[in-house]
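Chain by chain, the residues:
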Amino acid sequence: MGLFGRVSTAMITPFDAKGHIDFPKTTQLINHLIENGTDSLVVAGTTGESPTLSKQEKIALFKHVVKVVEKRVPIVAGTGSYNTYESIELTKQAELAGVDAVMVVGPYYNKPNQEGLFQHIKAVAESTKLPVMIYNIPGRSVVNIEPDTIIRLSEIENIVAVKEASGNLNNITKIIASTPDDFYVYSGDDGLTLPLLSVGGTGIISVASHIIGKEMKEMVNSFLAGNIEEASKMHQKLLPLMLALFKAPNPVPVKTALQLKGFDVGSVRLPLVPLTEEERKELAEFL
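Everything numeric here is computed off the predicted structure, so don't read it as measured data.

## Re the overall build of the protein chain
Part 1 of the reasoning: Scanning the protein chain from terminus to terminus reveals 12 helices and 8 strands.
Part 2 of the reasoning: Against the compact-globule benchmark of 19 Å for 287 residues, the protein chain has a radius of gyration of 18 Å, which places it among compact chains.
Part 3 of the reasoning: Seen through its principal axes, the protein chain has C-alpha atoms that stretch 45 × 45 × 35 Å.
Part 4 of the reasoning: Expressed as a percentage of the 287 residues in the protein chain, the buried residues total 56%.

Here's what the structure looks like:
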């Protein structure tokens, strides 16, 4: 089932009224997620608003999560950026903080070619003893880490997984077929959880699991137990909410959804802005 289980949560970062990280709320959120079926936590990824967190904030967050989790589930720290040397430095700090693995996103903004992507991720992997997860999200980073590059990276001993958010099932299938059995392929899109499992993928790094963690786990377990029809029905039922959580830039809707469910994790940091009143009403109806 992979180092990180089947349902991992890309955790949001709670903020207080002044826009600082709300550590007590983070503690509550961690316990909520673990109680609701999360097998591992991804901290300071896209959903955690990583571009707006300073290096110091990220390190403080890693240390806090490690302390609260107490080895109950693995912790994956988002340490990748568009700057290789900074990514290496943050990776070393994350390792010192006691996380279990790191996640390295395709460098955004500076648009490296495939060789540049390979060398960037390889350099970060070589700087740490920790397992490394590649994060391919071309919709945000503007560069797609092509299947052949991911396959090549999978040959590096401590590169053990990829979070694939390209939405391209053909590419994802090629990666699954051409990498070792102990290289784990996760969907980065909630709506593709079941399709990815059906082509041999490992699981999901989920945003929706903040709200429907138990249901996501149930769907995955139904599929794995061979109850394909039941899993399909659950997928059909859950999909509208999954899509609703991406009607505005992530993590604005999921933070709002938590708030609507009575779990106030604060707002988002600029340049993200809260939902409009109309968007809030629409989301409330889905919930």
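## Some points on the UniProt feature "active site" (unreviewed entry) in the protein chain
Part 1 of the reasoning: With numbering aligned to this structure, UniProt lists the feature "active site" (unreviewed entry) at Tyr 135 and Lys 163. Spanning 29 residues, the named residues form one tight spatial group whose C-alpha atoms are at most 4.7 Å apart.
Part 2 of the reasoning: With respect to the helices and strands, the residue Tyr 135 is situated in strand β5 (residues 132-136).
Part 3 of the reasoning: Note on Tyr 135: relative accessible area 4%, which makes it buried.
Part 4 of the reasoning: Beyond its immediate sequence surroundings of up to four residues, Tyr 135 is in contact with Thr 46, Met 103, Val 104, Val 105, Gly 106, Ile 145, Lys 163 and Ala 165.
Part 5 of the reasoning: A distance of 2.9 Å separates a polar atom in the side chain of Tyr 135 from a polar atom in the side chain of Thr 46.
Part 6 of the reasoning: Within the fold, Lys 163 resides in strand β6 (residues 159-164).
Part 7 of the reasoning: Given the relative accessible area of 5%, Lys 163 is considered buried.

## A look at the environment of Pro 131
Part 1 of the reasoning: Here Pro 131 shows up in the loop between α4 (114-126) and β5.
Part 2 of the reasoning: Residue classification places Pro 131 among the partly exposed residues on the basis of a relative accessible area of 22%.
Part 3 of the reasoning: Between the alpha carbons of Pro 131 and Gly 48 there is a distance of 20 Å; along the sequence they are 83 residues apart.

Reading the values: the criteria
Position labels on residues start from 1 in each chain and follow its written sequence. In keeping with the predicted nature of the model, local features appear solely for residues at pLDDT of at least 70, side-chain atom pairs appear and are counted solely at 80 or more, and the whole-chain, interface and lining totals rest on all residues. Neither water nor hydrogens contribute to the side-chain values; these are computed over all heavy atoms in the structure. Each helix is a run of DSSP H or I of at least 4 residues and each strand a run of E of at least 2, with the numbering of both proceeding from the N terminus. Only C-alpha atoms enter the radius of gyration; for comparison, a globular chain is expected to reach 2.2 Å times N to the power 0.38, where N is the number of residues. Burial classification: accessible surface area is computed with a 1.4 Å probe over protein chains only, and a residue below 20% of its type maximum counts as buried, one above 50% as exposed, and the rest as partly exposed. UniProt positions are given in the numbering used here, feature names are shortened, and annotations may be inferred rather than shown by experiment. A contact between two residues is defined here by any heavy atoms of the two lying within 4.5 Å. Contacts described as polar in this section are N or O atom pairs within 3.5 Å, which, within protein, must combine one atom able to donate a hydrogen with one able to accept it, while residues neighboring in sequence count only if both atoms come from side chains.

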